[in-house]
Amino acid sequence: MQAVNVKKIKVRKFSWKKITFGRVLFYLIMIALALFFLLPLIYMVCTAFKPLDELFLFPPTFFVRHPTMQNFTDLVATLDSSTVPFTRYIFNSVLVTVASVVGTVIVCSMGAFVAEKLSLRGMKLFGQIVTYALMFSVPAGQIPIYIIINNMGMLDTYWSLIIPKLATPMYFFLYQQFVSQVPNELLESAKLDGCGNFRIFMKIVLPMTKAVISTIVVFAFVANWNDSFSALIYINKQAMKTVPLILNTIGSGVGTVARAGAQSAAVFITTLPSILISVLMERNILKAMAYSGIKG
């Protein structure tokens, strides 16, 4: 019989010598800062579940004493009182947000790869134009975009909420900075092995730029999910409007005091998806930065 070598597993013993005053102070400061930044989020969650009598207490209370789901019931009842059900608004927001995020990642990543790594005529000028576009504020381009959308007959369609957000200069510039770190020698060796540009992009560039893709997904999701301005400008049909635009109308009109609970629930519903996607993608960003480092 063959002898089996059993390696001894070294167990690190806890040492009180590693605990120093500076380290304890550092962790205490970090915990205090984390709790401080979490206070608005905790207050938002508590407010969403407060009954009306607690919402109008003076001085106001931070934590909820008697949690209730009545605010969410009032919110759904208020929105369902119209001819369009609340589920239709959710469908519109999910469709527009997902399509915009996927389209933004595809357009910005491929465009930045072509501009940075392919020696095509005019690509340097194109990259400079994108950089200059970062200097202009978003409202400055709303009138030209509206004229283009109107002339193309895309008003009151999902395309008017999706297409203007695909080519975002900030995401293009951000991905271009990451893809510029990919070694050219690696791409040239792949071409010698018979790989085309699209295969190089899919098999080499994308896996090496997971960090920036995750970052773009988070930024694009938060921006599109919370966008109520685009639906206000490009959409006139009630059935085509999105959740942020509808929730913004709850606090206006008659019965604002009675709708205070519904407003709190609306803020919670609007903010929750952005928080969830940020938390989920943050783990992917850290993992990609740690394990898919780009070496020149």
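Residues numbered from 1 in each chain as written. Predicted model: local features only at pLDDT ≥ 70, side-chain atom pairs only at ≥ 80, totals over all residues. Heavy atoms only, no water.

## Some thoughts on the layout of surface pockets
Approximately 850 Å³ is the volume found for the largest pocket. Val138, Gln142, Pro164, Thr168 and Pro169 are the residues nearest the centre of the largest pocket, which is lined by 27 residues in total. Broken down by secondary-structure element, the contributors of at least two residues to the lining of the largest pocket are helix 6 (142–151), helix 7 (159–162), helix 8 (169–179), helix 11 (210–225) and helix 12 (229–234). Split by residue class, the lining of the largest pocket holds 17 nonpolar, eight polar and two charged. (1 Å grid on protein atoms, 1.4 Å probe; cavity = no way out; pocket = protein on both sides within 12 Å on 5 of 7 lines; lining within 4 Å. Points joined across faces, edges and corners; volume = space filled by probe spheres on them. Helix = DSSP H or I, 4+ residues; strand = E, 2+ residues; numbered from the N terminus. Nonpolar A, V, L, I, M, F, W, Y, C, P; charged D, E, K, R; others polar.)

## Describing the nonpolar core
Ranked by size, the top nonpolar core spans 32 residues in total, and within it Phe113, Tyr175, Leu187, Ile200, Val205 and Ile213 carry the most contacts. Among the elements that take part in this core, helix 11 stands out by supplying eight residues, more than any other. For Leu187, the residues in contact, after removing those within four places along its chain, are Phe113, Lys117, Val182, Ile200, Ile204 and Val205. Counting 14 residues, the second-largest nonpolar core is a separate cluster that includes Met44, Leu75, Val243 and Ile246. (Core = buried A, V, L, I, M, F, W, Y, C linked by side-chain atoms within 4.5 Å. Buried < 20%, exposed > 50% of the residue type's maximum accessible area, 1.4 Å probe, protein only. Contact = heavy atoms within 4.5 Å.)

## Quick word on the side chain of Asn224
Among the structural elements, Asn224 can be located in helix 11. A distance of 3.4 Å separates polar atoms of two side chains, one belonging to Asn224 and the other to Lys165. From its side chain, Asn224 meets the backbone oxygen of Ala220 in a polar contact 2.5 Å long. Setting aside residues no more than four positions away along its own chain, Asn224 makes contact with Thr97, Ser100 and Lys165. (Polar contact = N/O pair within 3.5 Å; in protein donor to acceptor, adjacent residues only side chain to side chain.)

## A word on empty space enclosed by the protein
Counted according to the given criterion, the structure contains one cavity of 30 Å³ or more. As a volume, the largest cavity reaches approximately 70 Å³. Lining the largest cavity are 13 residues; nearest its centre among them are Val96, Lys165, Asn224, Asp227 and Thr242. When residues of the lining of the largest cavity are traced back to their parent elements, those giving at least two are helix 4 (86–117), helix 11 and helix 12.

## Quick look at the packing of aromatic side chains
Inspection of the entire model under this criterion finds eleven aromatic pairs. Look at Phe26 and Tyr27: their rings are 5.6 Å apart centre to centre, the planes differ by 75°, and that puts the pair in the edge-to-face class. Arranged with centres 5.9 Å apart and planes meeting at 70°, the rings of Phe49 and Phe268 form a pair that is edge-to-face. Of this pair, Phe49 sits in the loop between helix 1 (21–48) and helix 2 (52–55) while Phe268 sits in helix 14 (residues 260–291), placing them 219 residues apart in sequence. (Phe/Tyr/Trp six-rings, centres within 6.5 Å; stacked < 30°, edge-to-face > 60°.)

## Some details on the environment of Phe126
Mapped onto the secondary structure, Phe126 falls in helix 5 (residues 123–133). Note on Phe126: relative accessible area 37%, which makes it partly exposed. With sequence-adjacent residues up to four places away left out, Phe126 is seen in contact with Ala115 and Phe172.

## Brief notes about the packing of helix 5 against helix 8
Working note: a packed helix pair is described by the angle between its axes plus the distance between those axes. Where helix 5 contacts helix 8, the two axes come as close as 9 Å, and the packing angle between them is 125°. Between helix 5 and helix 8, the interaxial angle falls into the category oblique. Here helix 5 runs over helix 8; the crossing is left-handed. Counting all contacts with helix 5, which are made through Phe126, Val130, Thr131 and Ala133, the residues of helix 8 involved are Pro169, Phe172 and Phe173. Across the contact of helix 5 with helix 8, the residue classes tally to six nonpolar, one polar and no charged. (Axes fitted to C-alpha atoms, helices over the stretch in contact; angles between N-to-C directions. Parallel < 35°, antiparallel > 145°, perpendicular 65-115°, else oblique. Left-handed = near helix turned anticlockwise from the far one by under 90°.)

## Quick notes on the confidence of the model for the protein
In this model, the protein carries a mean pLDDT of 79, and residues with pLDDT of at least 70 account for 85%. The secondary-structure element of the protein with the lowest mean pLDDT is helix 14, recorded at 73, while helix 7 shows the highest, at 90. Below pLDDT 50 for its whole length, residues 291–296 participates in eleven contacts with residues either more than four positions away or in separate chains. (pLDDT = per-residue confidence, 0-100.)

## Focus: the side chain of Ser274
You can see Ser274 is positioned in helix 14. Given the relative accessible area of 8%, Ser274 is considered buried. Leave out the neighbours within four places in its chain, and Ser274 touches Phe221, Val222, Trp225 and Asn226.

## Considering the packing of helix 4 against helix 8
At a closest axis distance of 8 Å, the pairing of helix 4 and helix 8 adopts a crossing angle of 50°. With respect to helix 8, the element helix 4 is oriented oblique. Two packed elements cross with a definite hand, and for helix 4 against helix 8 that hand is right-handed. Two secondary-structure elements touch here, helix 4 through Thr104, Cys108, Ser109, Gly111, Ala112, Phe113, Ala115, Glu116 and Lys117 and helix 8 through Tyr171, Phe172, Tyr175, Gln176 and Val179. Here the residues of the contact of helix 4 with helix 8 are counted per class, giving eight nonpolar, four polar and two charged.

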